[in-house]
Amino acid sequence: MTSAKRLAKDEKVLRVFIATFCRQNHLNAGVSVAREDQGRHYCTECAELLDYALQRLQRCPLNPKPACKDCPVHCYRPQMRERIRQVMKFSGIHFVKRGRLDWLWHYFF
């Protein structure tokens, strides 16, 4: 897979997983929508996480880029790294419970 395709795939997964986490944990709890991006809604906190994650994705110095969870160089700040872990764990389980294994296929392969 080319580097551009890998980045596009990773960006798509980040957007969907963060939007799912935000919708289930923040927006359904009454937090107001701060931003809409590609038809997905985000609260302020999740929009900030998305921006941070996309910035780190674009600036990754490794070629070919490994999955962040397998990377020897952790470019996320510890707080943001923990937040993205929570998002990925929650959204992964969310999609499995709803039979959306296609998203897990994108995430792992």
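Source: prediction; values computed, not measured. (Residues numbered from 1 in each chain as written. Predicted model: local features only at pLDDT ≥ 70, side-chain atom pairs only at ≥ 80, totals over all residues. Heavy atoms only, no water.)

Participant: Would you explain the nonpolar core in this entry?
Facilitator: In a soluble, globular protein the nonpolar side chains are often hidden away together inside. With 26 residues, the main nonpolar core has Leu 14, Phe 17, Ile 18, Tyr 42, Cys 46 and Ile 84 as its most contacted residues. For this core, the element with the most residues is helix 1 (residues 3–25), which contributes nine residues. Every residue in contact with Cys 46, bar those within four places of it in the chain, is listed here: Ile 18, Phe 21, Cys 22 and His 26. (Core = buried A, V, L, I, M, F, W, Y, C linked by side-chain atoms within 4.5 Å. Buried < 20%, exposed > 50% of the residue type's maximum accessible area, 1.4 Å probe, protein only. Helix = DSSP H or I, 4+ residues; strand = E, 2+ residues; numbered from the N terminus. Contact = heavy atoms within 4.5 Å.)

Participant: Explanation requested: the packing of helix 2 (residues 44–58) against helix 3 (residues 78–97) in the structure shown.
Facilitator: Describing two packed helices takes the angle between their axes plus the distance from one axis to the other. Relative orientation of the contacting elements helix 2 and helix 3 amounts to 105 degrees, with a least axis distance of 11 Å. Comparing their axes, helix 3 and helix 2 come out roughly perpendicular. Of the residues in helix 3, those in contact with Glu 45, Glu 48, Leu 49, Tyr 52 and Ala 53 of helix 2 are Met 80, Arg 83, Ile 84 and Val 87. For the contact of helix 2 with helix 3, the residue count by class is six nonpolar, no polar and three charged. (Axes fitted to C-alpha atoms, helices over the stretch in contact; angles between N-to-C directions. Parallel < 35°, antiparallel > 145°, perpendicular 65-115°, else oblique. Nonpolar A, V, L, I, M, F, W, Y, C, P; charged D, E, K, R; others polar.)

Participant: Is there a simple way to think about the packing of aromatic side chains in this case?
Facilitator: The geometry of an aromatic ring pair is captured by two quantities: the separation of the ring centres and the angle between the planes. Taken as a whole and assessed by the stated rule, the structure comprises three aromatic pairs. Look at Phe 21 and Phe 90: their rings are 5.5 Å apart centre to centre, the planes differ by 85 degrees, and that puts the pair in the edge-to-face class. With Phe 21 in helix 1 and Phe 90 in helix 3, the pair connects residues that are 69 residues apart, well separated along the chain. A relative accessible area of 29% places Phe 90 in the partly exposed class. Ring geometry for Tyr 52 against Tyr 76: centres 5.5 Å apart, planes inclined by 75 degrees, an arrangement best described as edge-to-face. One end of the pair, Tyr 52, is in helix 2; the other, Tyr 76, is in the loop between helix 2 and helix 3, and 24 residues separate them in sequence. Since its relative accessible area comes to 6%, Tyr 52 is described here as buried. (Phe/Tyr/Trp six-rings, centres within 6.5 Å; stacked < 30°, edge-to-face > 60°.)

Participant: Explain the packing of helix 1 against helix 2 here, please?
Facilitator: Running from N to C, helix 1 and helix 2 point in directions that differ by 165 degrees, and their axes come no closer than 10 Å. Put simply, helix 1 runs roughly antiparallel to helix 2. Where helix 1 crosses over helix 2, the two elements pack in a sense that is right-handed. Residues Leu 7, Asp 10, Glu 11, Leu 14, Arg 15, Ile 18, Phe 21 and Cys 22 of helix 1 lie in contact with helix 2, whose contacting residues are Cys 46, Leu 49, Leu 50, Ala 53, Leu 54, Leu 57 and Gln 58. Looking at the contact of helix 1 with helix 2, its residues break down into eleven nonpolar, one polar and three charged. (Left-handed = near helix turned anticlockwise from the far one by under 90°.)

Participant: Would you take a moment to explain the pattern of salt bridges for this structure?
Facilitator: Pairs can form between side chains of opposite charge once their charged atoms are near each other. Per the stated rule, a full pass over the model turns up five salt bridges. Across the pair Arg 15 and Glu 11 runs a salt bridge whose closest N-O atoms are separated by 3.0 Å. Separated by four residues within a single helix, Arg 15 and Glu 11 lie in helix 1, roughly one turn from each other. Relative accessible area serves as the criterion here: at 10%, Arg 15 is assigned to the buried category. With a shortest N-O distance of 2.0 Å, Arg 15 and Asp 37 are connected by a salt bridge. Taken as a pair, Arg 15 in helix 1 and Asp 37 in strand 1 (residues 35–37) lie far apart in primary sequence, 22 residues in all. Asp 37 sits in the buried class, given a relative accessible area of 18%. Connected through salt bridges with shared partners, the residues Glu 11, Arg 15 and Asp 37 form a single ionic network. (Salt bridge = Lys/Arg side-chain N within 4 Å of Asp/Glu carboxyl O.)

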